[in-house]
Amino acid sequence: MAGKVPREADGRAGGETDGVLDFVTVTVADLRLALPLSAVRAVIRLPELVRIPLGPPSLDGLAHWHGDAVPVLDLAGALGRPGGAAPTRETRVVLVGHRGQPVGLRVDAMAGILRSEPDRIDPVTQEEGGLDPAMLDGLLRDGPATILKLDALIDRQFGDPAETERTDRGSASATAGFGPVPAGGTGAAGGAKGGIDRQALLVFEVAGQEFALPVDRVREVLPAPREVTRMARSKAHLLGVMAVRDRLLPLVGLRALFGLEEAGGHEPSGLAAGRRVVVVRSGSGQAPVGVLVDEVREILRIDPALIDPVPPLLAREPEFEDLDGIARADGGAGGGRRLVSVLSAERLFRHGAAIGAEGGAAEAGGQGDGMEPAQPADGPDGIGGAAERFVVFRLAGAEYGLPVSAVREVLRRPDSITPLPNAPDFVAGVLTLRGEVLPLIDQRRLLNLPAADSKSGLSTSGPAGLERGRVVVVGRDGLLVGLLVDGLSGLLTVPAERIGPAPAVSAAQRRLIRRVASLDAAGDMAGDAAGAARLILLMDADSLLDMDRLAELPVTPR
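Note that the coordinates shown come from a computational prediction; the quantities given were computed from them, not determined experimentally.

What counts as what
Numbers given to residues run from 1 along each chain, matching the order in which its sequence is written. A pLDDT threshold of at least 70 governs which residues receive local features in this predicted model, and a stricter bar of 80 or more applies before side-chain atom pairs are shown or counted, although totals over entire chains, interfaces and linings include all residues. Each side-chain value is derived from all of the structure's non-hydrogen atoms; neither hydrogens nor water enter the calculation. Labels follow the DSSP assignment, with helices taken as runs of H or I lasting at least four residues and strands as runs of E lasting at least two, numbered in each case from the N terminus. Buried means the residue's accessible area, taken with a 1.4 Å probe over protein chains only, is under 20% of the maximum for its type, while exposed means over 50%, and partly exposed covers the values in between. Whether two residues touch is decided by their heavy atoms; if any such pair falls within 4.5 Å, the residues are in contact. In these tables, accessible area is a Shrake-Rupley quantity obtained with a 1.4 Å probe, and a residue counts as shielded only by the protein chains included in the view. At least two DSSP bridges between two strands are required for those strands to pair. Note on method: axes are straight lines fitted to C-alpha atoms, helices fitted across the in-contact stretch only, with angles between N-to-C directions ranging 0 to 180 degrees. Stacked, tilted and edge-to-face are the three classes assigned to paired rings of Phe, Tyr and Trp, where Trp is represented by its six-membered ring and a pair needs centres within 6.5 Å; plane angles under 30 degrees give stacked, over 60 edge-to-face, the rest tilted. Here, a salt bridge means any Lys or Arg side-chain nitrogen found within 4 Å of an Asp or Glu carboxyl oxygen. Among the buried residues, those of types Ala, Val, Leu, Ile, Met, Phe, Trp, Tyr and Cys that are joined through side-chain atoms within 4.5 Å form a nonpolar core. Per-residue confidence from the predictor is given as pLDDT, running between 0 and 100. In protein, a polar contact means a hydrogen-donor-capable atom and an acceptor-capable atom, both N or O and within 3.5 Å, with residues adjacent in sequence counting only if both atoms are side-chain atoms; elsewhere, any N or O pair within 3.5 Å suffices.

(A) View of the overall build of the chain. When helices and strands are tallied, the chain shows 11 helices and 35 strands. In the chain, which comprises 558 residues, the share counted as buried stands at 53%. Partitioning the intrachain contacts of the chain with sequence separation of at least 6 by distance along the chain shows that 64% fall at a separation of at least 24. A total accessible area of about 23700 Å² is found for the chain, and carbon and sulfur atoms account for 50% of it.

Put into structure tokens, the structure is as follows:
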């Protein structure tokens, strides 16, 4: 049984109609339980879940349901029964309302809908089947079934709501941090040590070579689509168009543009296999353009003096017109062993216009923008209404985001980390970044997630299949910390209507993760799987910079 459960018209407690009470009955382990029909919003099959940290042991994760991020509890575990059983074809999630937000209860199977006279309900006077009487509302003789007191059950799992409110009010406390942020400001456009105005570059890989674009010209990074619509008579590097938020995005392939094609001279057919599309911001009224890349590497902040112009001999070649320069990413004099090609955003726009021209979307003279014109209500980025930009990273199989304004840069995880004596357990050590001491927070330890490496949890190579980690550098008001994460997904622009409050599953979680971005693959972006949803947990940067309050987090052991 799946889908919506009928609602009673009068909505009285227990789904009462004409003195008769209605219940949804389910089976959990060896129990037969009854839930008041008036509290049940829907019964659905087990959806894909995103794990949320710092929650109770019975919390399976977050599910995407009708645009909401819904916490899902393993009801067996919440009742003290052995939880975590593998789902079967009969497994269901019962969605109930709790204090204004939906909550999912995972059950073994649906039993049906039961109606009962009030005089057929016996009170609970002692433990029933080993269950705490405080979580029970009575015993149905006609079931037989035990009626759950849902609010008491869920409050016991998620903690005292009053404590969560006190945590919210007290989150903006004074911070006590580590070394100062280099002069020149903080945030995505912040400066660097000595007042140098460093340029932030998004570095990505194509066919084993590194390229970059200025961060301020990148709107977002999306998973590559499964299919791309080719345009007639277009050049090899003009891959075609993809749909993003009901608009057409021109797509440029760097493999063909720079002669880096695989054997056979074509882009790989499986575009969605881990590849990304870097959406370049429009300029001078032009529409965005997508660049297909193999992997997003890092966000690098570099002295502009270390970005050299293309050598004159190469600059005369047509394909090198697409470069703005070559960055010496590993330092100045004596360095330069790591060279990153910095792309020209303006040139990429001209490629996008060429796709539009080949497809008949451009005006005479080839001046089309290659993408449907923005509506008047759209903001400067071509997204309806207000929007926010986030740096998105991966951690223990889930995606997390931080505002671009709070992120200084994203680096590769170092091979070695200097330990810091007497530091909290979640502080892995310190790192020197351009002369500044940077404390490193192991996000897995902080969020009580499984260690990446069974020996240390801080592996640069890790077990087979574990990707190389990254350090997300966060800075504000003289504070600077690095967050150890599994990998970088890239930049993402999220419409305001797709951002909502995170479910309050614990005071510790609410302090660090206050919001969730909920994206539908079909309408918001090019998804990894057809119909799949994407939930991004948005972290509070100020809380991550407050070491004293981080050390006080009441983490529940898992």
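The discussion continues.
(B) Looking closely at the sheet that holds strand E17 (residues 238–244). The strand order across the open sheet formed by five strands is E16-E19-E20-E18-E17, and the pairing between neighbours is mixed. Strands at the two margins of the open sheet, each flanked by one partner only, are strand E16 (218–223) and E17. Direction aside, the axes of adjacent strands within the sheet are offset by 30° on average. Pairing of E16 with strand E19 (residues 276–280) involves five bridges; the strand directions are antiparallel. Among the inter-strand pairings, Val218 is bridged to a residue of E19, identified as Val280.

(C) Structural view of the pairing of strand E28 (residues 427–433). In terms of residue burial, E28 counts as a mostly covered element, since six of its seven residues are buried. As paired strands, E28 and strand E29 (residues 436–442) are joined by six bridges and run antiparallel to one another. By the bridge assignment for E29, Val427 is matched with Ile441. Where E28 folds back onto E29 in an antiparallel hairpin, the turn is made up of two residues, including Arg434, whose phi is positive at roughly 50°.

(D) How the structure looks around the environment of Leu75. Here Leu75 is to be found in helix H1 (residues 75–78). Residue Leu75 is classed as buried on the basis of its relative accessible area of 0%. Sequence separation of Leu75 and Leu153 is 78 residues, and the distance between their C-alpha atoms is 9.4 Å. Sequence-distant contacts of Leu75, that is, excluding residues within four places in its chain, are made with Val28, Leu33, Leu105, Arg106, Val107, Leu148 and Leu153.

(E) Fine view of the packing of aromatic side chains. The tally for this structure, following the rule as stated, stands at two aromatic pairs. Between Phe393 and Tyr400, the aromatic rings sit 5.9 Å apart at their centres with planes inclined by 10°, giving stacked as the arrangement. Judged on exposure class, the residue Phe393 and its partner Tyr400 are both buried.

(F) Inspection of the pattern of salt bridges at higher detail. The full count for this structure, using the stated rule, is 26 salt bridges. Ionic pairing is found between Arg106 and Asp60, a salt bridge with its closest N-O pair at 2.6 Å. Note that Arg106 is positioned in strand E9 (residues 101–107) and Asp60 in strand E6 (residues 59–65), a separation of 46 residues in sequence. The exposure class of Arg106 is buried, given its relative accessible area of 9%. Note that Asp74 and Arg106 form a salt bridge whose closest N and O atoms lie 3.3 Å from each other. Here Arg106 lies in strand E9 and Asp74 lies in strand E7 (residues 68–74), a separation of 32 residues in the sequence. Like Asp74, the residue Arg106 is buried in the burial classification. The structure contains a network of salt bridges with shared partners spanning Glu205, Glu210, Glu295, Arg297, Glu298, Arg338, Arg412 and Arg470.

(G) Geometry of the nonpolar core. Tyr400 and Leu402 are the most contacted members of the largest nonpolar core, which has 101 residues in total. Filtering out sequence-adjacent residues up to four positions away, Tyr400 remains in contact with Arg51, Pro53, Val391, Val392, Phe393, Leu395, Leu447, Leu449, Ile513, Ile536, Leu537 and Met539. With 21 residues, the next largest nonpolar core counts Val203, Leu306, Leu431 and Val473 among its residues.

(H) A look at the confidence of the model for the chain. Here the chain averages 75 in pLDDT, while 70% of its residues score no lower than 70. At the low end of the mean pLDDT range in the chain sits helix H9 (residues 521–524), at 48; at the high end sits strand E26 (residues 398–403), at 94. Predicted confidence for residues 6–13 stays below pLDDT 50, and this span has 17 contacts to residues more than four positions away or in other chains. Every residue in residues 454–466 is under pLDDT 50, and counting partners more than four places away or in other chains gives 19 contacts.

(I) The arrangement of the sheet that holds strand E10 (residues 109–116) in detail. Spatially, six strands are ordered E10-E2-E3-E13-E12-E11 in an open sheet, and the strand pairing comes out mixed. The strands lining the two open edges of the sheet, one partner per strand, are E10 and strand E11 (121–122). In the sheet, E11 pairs with strand E12 (residues 136–140) via two bridges, with the strands oriented antiparallel. Within the sheet, the bridge partner assigned to Asp122 lies in E12 and is Leu139.

(J) The pairing of strand E32 (residues 487–495), seen in detail. Where burial is concerned, most of E32 is hidden: nine out of the nine residues are buried. Bridging between strand E25 (residues 387–395) and E32 involves eight bridges; their strand directions are antiparallel. Across the sheet, Phe393 pairs through a bridge with Leu488, a residue of E32.

(K) Inspection of the side chain of Arg338 at higher detail. Positionally, Arg338 belongs in the loop between strand E23 (323–328) and strand E24 (339–343). In this structure the side chain of Arg338 is engaged in a polar contact, spanning 2.4 Å, whose partner is the side chain of Glu298.

(L) Quick peek at the environment of Leu480. When you line up the elements, Leu480 lands in strand E31 (residues 479–485). A relative accessible area of 3% means that Leu480 is categorised as buried. In this structure the C-alpha to C-alpha distance between Leu480 and Val437, which are 43 residues apart in sequence, comes to 8.5 Å.

(M) A look at helix H2 (residues 150–158). All buried positions along H2 are accounted for by Leu150, Leu153, Ile154, Asp155, Gln157 and Phe158. A positive backbone phi angle near 95° is found at Gly159, which sits one or two residues after H2.

(N) Spatial organisation of the environment of His98. Tracing the backbone through its elements, the reader meets His98 in strand E8 (residues 92–98). Counting along the chain gives 52 residues from His98 to Leu150, while the straight-line C-alpha distance between them is 7.9 Å. With sequence-adjacent residues up to four places away left out, His98 is seen in contact with Val103, Asp151, Ile154 and Asp155. Within polar-contact distance, the side chain of His98 engages the side chain of Asp151 at 3.0 Å.

(O) Molecular detail of unusual backbone geometry. In this structure, Asn422 takes a positive phi of about 60° despite not being glycine. Of note, the phi angle at Asn448 is positive, near 60°, even though the residue is not glycine. Mapped onto the elements, Asn448 comes out in the loop between helix H7 (443–446) and strand E30 (470–476).

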